[in-house]
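Chains, contacts and geometry: an overview
Listed here are the chains, written in short residue letters.
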Amino acid sequence: MVVARIEGLDKIHRVEGRVRFDGEAGKTGTNAATRAPLRIQSLPATKWTDVPLDAKRGFRVALAEDATNLYLRYDVRSGGPLRNGGTDWEKLFKTGDGVDFQVENARLFITRMNGQPIAVLYRPSVPGTKEPVVFESPVGKVLIDRVEKLDAKVVIRDRADGYEVEATVPRSVLYIQPPARGDVGVLFADPTGSKTVIRHYWANKDTLIVDDLPTESRLSPDKWGWFSR
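The sections below set out a description of the structure shown in this document.

Some details on the environment of Leu53
Positionally, Leu53 belongs in the loop between strand E2 (49-52) and strand E3 (58-65). Sequence separation between Leu53 and Arg77 is 24 residues, and the spatial gap between their C-alpha atoms is 9.2 Å.

Considering the environment of Val51
Note that Val51 resides in strand E2. For Val51, a relative accessible area of 4% gives the class buried. Between the C-alpha atom of Val51 and that of Trp202, which follows or precedes it by 151 residues, the distance is 5.9 Å. Not counting residues up to four positions away in its chain, the partners in contact with Val51 are Gly58, Phe59, Arg77, His200, Tyr201, Trp202 and Lys205.

Observations concerning the nonpolar core
Counting residues in each nonpolar core, the largest one holds 36 residues, and the members touching the most others are Tyr74, Phe101 and Leu108. Discounting chain neighbours no more than four positions away, the residues touching Leu108 are Leu72, Val99, Asp100, Phe101, Ala119, Val120, Leu121, Leu150, Val169 and Leu174. By size, the runner-up hydrophobic cluster in this structure holds 15 residues, among which are Ile118, Val133, Ile144 and Leu187.

Some remarks on the pairing of strand E14 (residues 196-201)
Every other side chain in a regular strand lies on the same face of the sheet, so the side chains alternate between the two faces. Two elements, strand E13 (residues 180-189) and E14, share 5 bridges in a ladder whose sense is antiparallel. Within E14, the position partnered with Gly185 by the bridge is Tyr201. Between E13 and E14, which follow one another and run antiparallel, lie 6 residues, and Gly193 among them has a positive phi close to 70°.

Some remarks on the packing of aromatic side chains
For the structure shown, the criterion picks out 6 aromatic pairs. Each ring, one from Tyr122 and one from Phe135, has its centre 6.3 Å from the other, and the planes form 55°; the classification is tilted. With Tyr122 in strand E7 (residues 116-123) and Phe135 in strand E8 (residues 133-137), this pair connects stretches of sequence that are 13 residues apart. Accessibility assignment for this pair places Tyr122 and Phe135 in one class, buried. Ring geometry for Trp202 and Phe227: centres 6.3 Å apart, planes at 20°, overall stacked. Taken as a pair, Trp202 in the loop between E14 and helix H1 (213-217) and Phe227 in strand E15 (residues 225-228) lie far apart in primary sequence, 25 residues in all. Grouped by ring-pair contacts, the aromatic residues Phe93, Tyr122 and Phe135 constitute a single cluster. Directly above the ring of Trp48 sits Arg60, whose terminal nitrogen or CZ lies 4.1 Å from the centroid. Directly above the ring of Tyr122 sits Arg107, whose terminal nitrogen or CZ lies 5.7 Å from the centroid.

What counts and what doesn't
- Residues numbered from 1 in each chain as written.
- Predicted model: local features only at pLDDT ≥ 70, side-chain atom pairs only at ≥ 80, totals over all residues.
- Heavy atoms only, no water.
- Helix = DSSP H or I, 4+ residues; strand = E, 2+ residues; numbered from the N terminus.
- Buried < 20%, exposed > 50% of the residue type's maximum accessible area, 1.4 Å probe, protein only.
- Contact = heavy atoms within 4.5 Å.
- Core = buried A, V, L, I, M, F, W, Y, C linked by side-chain atoms within 4.5 Å.
- Pairing = 2+ DSSP bridges.
- Phe/Tyr/Trp six-rings, centres within 6.5 Å; stacked < 30°, edge-to-face > 60°.
- Lys NZ or Arg CZ within 6 Å of the ring centre and 35° of its normal.

Taken by themselves, the reported measurements are silent on function.
Written out as structure tokens, the structure is:
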């Protein structure tokens, strides 16, 4: 038998007022709600949005459209060319460099695989799907209804301090009607080019986790910003 005595109860008193929570954890997308919208321009796109990470790394992005296509341009400062050593095309966001585009019910990830550009489209919710793709770890799982290689025109240009990505995506595949919620980002590889170690986005700053497959595959629209024309 254990006997315990709690002392000091006679000194407890009520504190008037309200509790206020401050800091980044309490903000949607770390200022995503107040961030100026990212503009989808008409061709030719001339306005860049800069998203710095530190003194040497970061990226800038320009989005454009016409009646047929959506055009994505990324200029990435990473300290070297694009490197991704992944061999599983469904999980290339875990294995190195790449650029990310997220909007509504879709995610488009662009990188290289076996030396060739590849664009992978993830659709978390597709009505009628019976066998979704499972992204699972010991702590949880995420179901993505459809994961597919996208027939998009992708050009990747390497340089000494980074790389550029240009992608032309048919609007019939990835249609956006601004104002729409979305995000753009870049994944940075480790020195070997075989593992993603940083996830850096324009709006969503709750991206520190890089060691859990379900977390990294999950879309977080509540932390996105807005696309506009």
